[in-house]
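Each chain is listed here by its residues.
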Amino acid sequence: MYVKRKPKYEKYDNCNRITNLVSHRSDTRPHTTTERTLRAISRVGQAVNLAVERFVTVGETIADDNPDIKKDMYDACKEARAAGASIERLCDISANDLHGYPPRPDPIDDRGHMVRAARTLLSAVTRVLLLADIVVVKQLLLTKDRVERTLGRLEQVANFSEFVKAFSVFGAEMVELAHVTGNRQSDLKDERRRAQMASARQVLERSTMMLLTSSKTCLRHPDCVHSKENRDTVFCQMRRAMDLIHYVVKDGVIETTVPADRNTSRHQAEWDSERATAFTCLHHFRRLIEAAKPKFNRSVSTSVPKSLAKDILTSPITEKDFDMDRPDPTELLLQRSNSERDRRIGSRASGGHREFRYREILTRGCRLTGVSLFTPDGREKLMAALDKVCERTQDFTDSAYTSHDHRENILLLCDRCKLELNQLLRMAVNMEQFPNSTFDINAALESVINAALDLQHQLVVTTHDQAVELPHIIKTSIELVNTLRTIALNHEIDRLQECADRFHERIDHMLEVCKLLRHIALSETLQVQAKFTEINIRIYGPQVITSARALSTHPSSKIAKENVEVFVDMWQWLCSDITLISKEVLDLAQNRSKIDKSEYLSLPRPGKHGTTAKPLKPARLDSEEQEKIAKTGQEMKEATNEMEGEADKWNADENNDIVKRAKNMSAMALSMYQFTKGEGNLRTTQDLFTQAEYFAEEANRLYKVVRQFSYQVPAGDPKKELLAHLDKVPTYVQTLQFTVKDHTVGKAATFVKVDHVIQETKNLMNIISKVVSTCFSCANKYKLDFSGLSGRMASGSSRDDEVSGGQGDTKGTTFGSTDQQG
């Protein structure tokens, strides 16, 4: 028996009625409710009681048909009926109270009785619904078990007559299972469970016809191993689908799991599990970074003027200043007493108090979700989250169909994320040790977020690059399937193997696309669909070849030919599935990527804030502006010449990456210097800013090469000097990147930005010159070998030359040629 469904709108109307009754409140002024209002309230109470009566009648009917829950259901229905009657009595203007006194002039003014009755009704109705749901789940599992038993009988039949009888019973039971699972799918609230149920039902629906033809072929040709493989594969997939239905109905919880473990496993399943995707891990990492942002009073960042800082540190801290609970006072006490400097300054009344308050603000501002930049545990969580992101990107870099450029960009962006996070954590440690120092912690946090967003965008671009080839792959695969059928009919065994190998290549390519699509899918529904499409392609794709082999063994068999046709239809369904999923996943990911960029970049929003949505136009500098920045440009040229001189001291060979990187940066800096004179390939300010971005990226690559070189330098003063200069490079690179990304409006602001970009480029060039000079000294002193240095780099920088246009050609790295390559 199926449980009668209660109309949704009727249930919502009753809820609204009860809500209105509970929310009804007379005016504070003394008055008497009108007779018309009292009659309306009475009618609402009667309607609620009538609806509850109908509801519990259905519940009692269910109880009569299910003895195991009969007692509990009757108790819940009795309680609900009593609550409904109580609500009607409270609303009835002619009813007397329990003591027999007549009602007051305003019986609805006292809401306490109504609230208690409504809560009792809600509790009873919830119990009835839960018991009814138990019945529904039981019916679904019983239906599923019957289908499994019939499936087992189908697998054991030995002749056609038994098969026909068993299959007719199987068909009727499959219709019933489809009905109950469809209803359950509509009732599921969890998006992932609903998508899993839909995928399982789809597998059962499509596999039924393949089960029929493969079983008939196996019965007709019992000695054919290929037809038996077809049939066994279909049986296996259908059983897996029914196991998934059981899993979803039971909500994926093992019966022995305690509730606490259940919640923990579900929380970890979001990102720290095998089914976690690259985007899931990226989202978790960015959420931790956002949660780690210090929150100050009056929304002031860490780098604030002293006047404002004094106001912050001396003002009383209230719960309104933070989005989280107040920390444990013991923790704050330990922080204060563990520092000798705090105890010394604490002897001064005001100074110690301000420093303690500052430390307290920094610690409390990062307590959201248990992540703090100022605790070892919080830093370990951030590092673990980033490691998980890099681990998930390996599916992109390990794919044989990922282009060289995309693979290189992903590796570089992963390294950039690690570099930015290390800078952030180093800054947090310094802030913890020197609380009175000024650090731009928010800028460092934004750098990490921007690096994660750039990596996310690169993953989308990589997936799109592979998905673009899908139409061609699908077209050729269908052609190969038709060719397989023809070859099988002609009994051409050699050509069949050759065609099967080519078809396997298409299958592998489609599997890689499905894997990447699942990684960038932003909804759980799309993740599940991509996963099960990949599974079905992996399982049923080779079965097309197997069915063709069965046909080649018996080319005159009509049943074998029909079997091939059914598996070909299945393949065409799978091709349609992957095409649809690819479009949905990429559209959603590309749109969301644009939205995320606008959310995290500190750009003005279009609308009613005096800003514009139009992009900035590239501008040219006039002669007066060029004269103003000529001095800075000349200083940058001198730094460039100095670095060129240091690089020329080396005996440049094809394996010396330091020299190649240095000369690449010299070429870029030269083009930027020429821009200050109105010459060269850079014509507009936007060209200059783009060249500065490439310059910063090349500095990052040089930093990694020199870092690898530093491992060969023995411990001593030269190595200390090299590391001292080298550790400054990321800071200057970051400063230049921030300057380039700074949003400006107006000609004056753009000129100031140009001036700052040239200045920061000069500063970076100066420190790079010192790094190259120190490397040259160390190499001469210790006779170090540069052979294969780039090949030993963990980030794979041996391929950076192709990305940056290097290979010793200093002209290939200027903005003009790079733009043409892009």
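Parameters at a glance
- Residues numbered from 1 in each chain as written.
- Predicted model: local features only at pLDDT ≥ 70, side-chain atom pairs only at ≥ 80, totals over all residues.
- Heavy atoms only, no water.
- Helix = DSSP H or I, 4+ residues; strand = E, 2+ residues; numbered from the N terminus.
- Buried < 20%, exposed > 50% of the residue type's maximum accessible area, 1.4 Å probe, protein only.
- Contact = heavy atoms within 4.5 Å.
- Areas by Shrake-Rupley, 256 points an atom, 1.4 Å probe, with all protein chains shown as cover.
- Salt bridge = Lys/Arg side-chain N within 4 Å of Asp/Glu carboxyl O.
- Polar contact = N/O pair within 3.5 Å; in protein donor to acceptor, adjacent residues only side chain to side chain.
- Expected span 1.5 Å × (residues − 1).

Outline the overall build of the chain, listing residues and values.
Looking only at helices and strands, the chain features 30 helices and zero strands. Counting the 822 residues in the chain, one finds 48% classified as buried. Long-range pairs, those at least 24 residues apart, make up 78% of the contacts in the chain with a sequence separation of at least 6. Total accessible area on the chain stands at roughly 41,200 Å², and carbon and sulfur atoms take up 52% of it.

Which residues make up the pattern of salt bridges, and what values do they have?
Considering all chains together, one arrives at 28 salt bridges under this definition. The partner of Asp577 in a salt bridge is Arg206, with the nearest N and O atoms 2.6 Å apart. Of this pair, Asp577 sits in helix H21 (residues 558-600) while Arg206 is found in helix H6 (residues 191-220), placing the two residues 371 residues apart along the sequence. When the shortest N-O distance is used, the salt bridge between Arg495 and Glu492 registers 2.9 Å. Overall, the relative accessible area of 44% leaves Arg495 in the partly exposed class.

Please give an account of the side chain of His519 that cites residues and values.
Considering the arrangement of structural elements, one finds His519 in helix H19 (residues 493-520). For His519, the side chain forms a polar contact with the main-chain nitrogen of Ala278, separated by 2.9 Å. With near-sequence residues (within four places) excluded, His519 lies in contact with Ala276, Thr277, Ala278, Phe279, Arg392, Asp395 and Phe396.

Quick rundown of helix H5 (residues 160-187)? Include the residues and the values.
For H5, which comprises 28 residues, the first-to-last C-alpha distance of 40 Å matches the rise-based estimate of 40 Å (1.5 Å per residue) to within 8%. Buried within H5 are the following residues: Phe163, Ala166, Phe167, Phe170, Glu173, Met174, Leu177, Val180, Thr181, Gly182, Arg184 and Gln185. Against the buried residues of H5 lie helix H4 (112-156), H6 and helix H7 (225-249).

In short, geometric facts, not functional conclusions.
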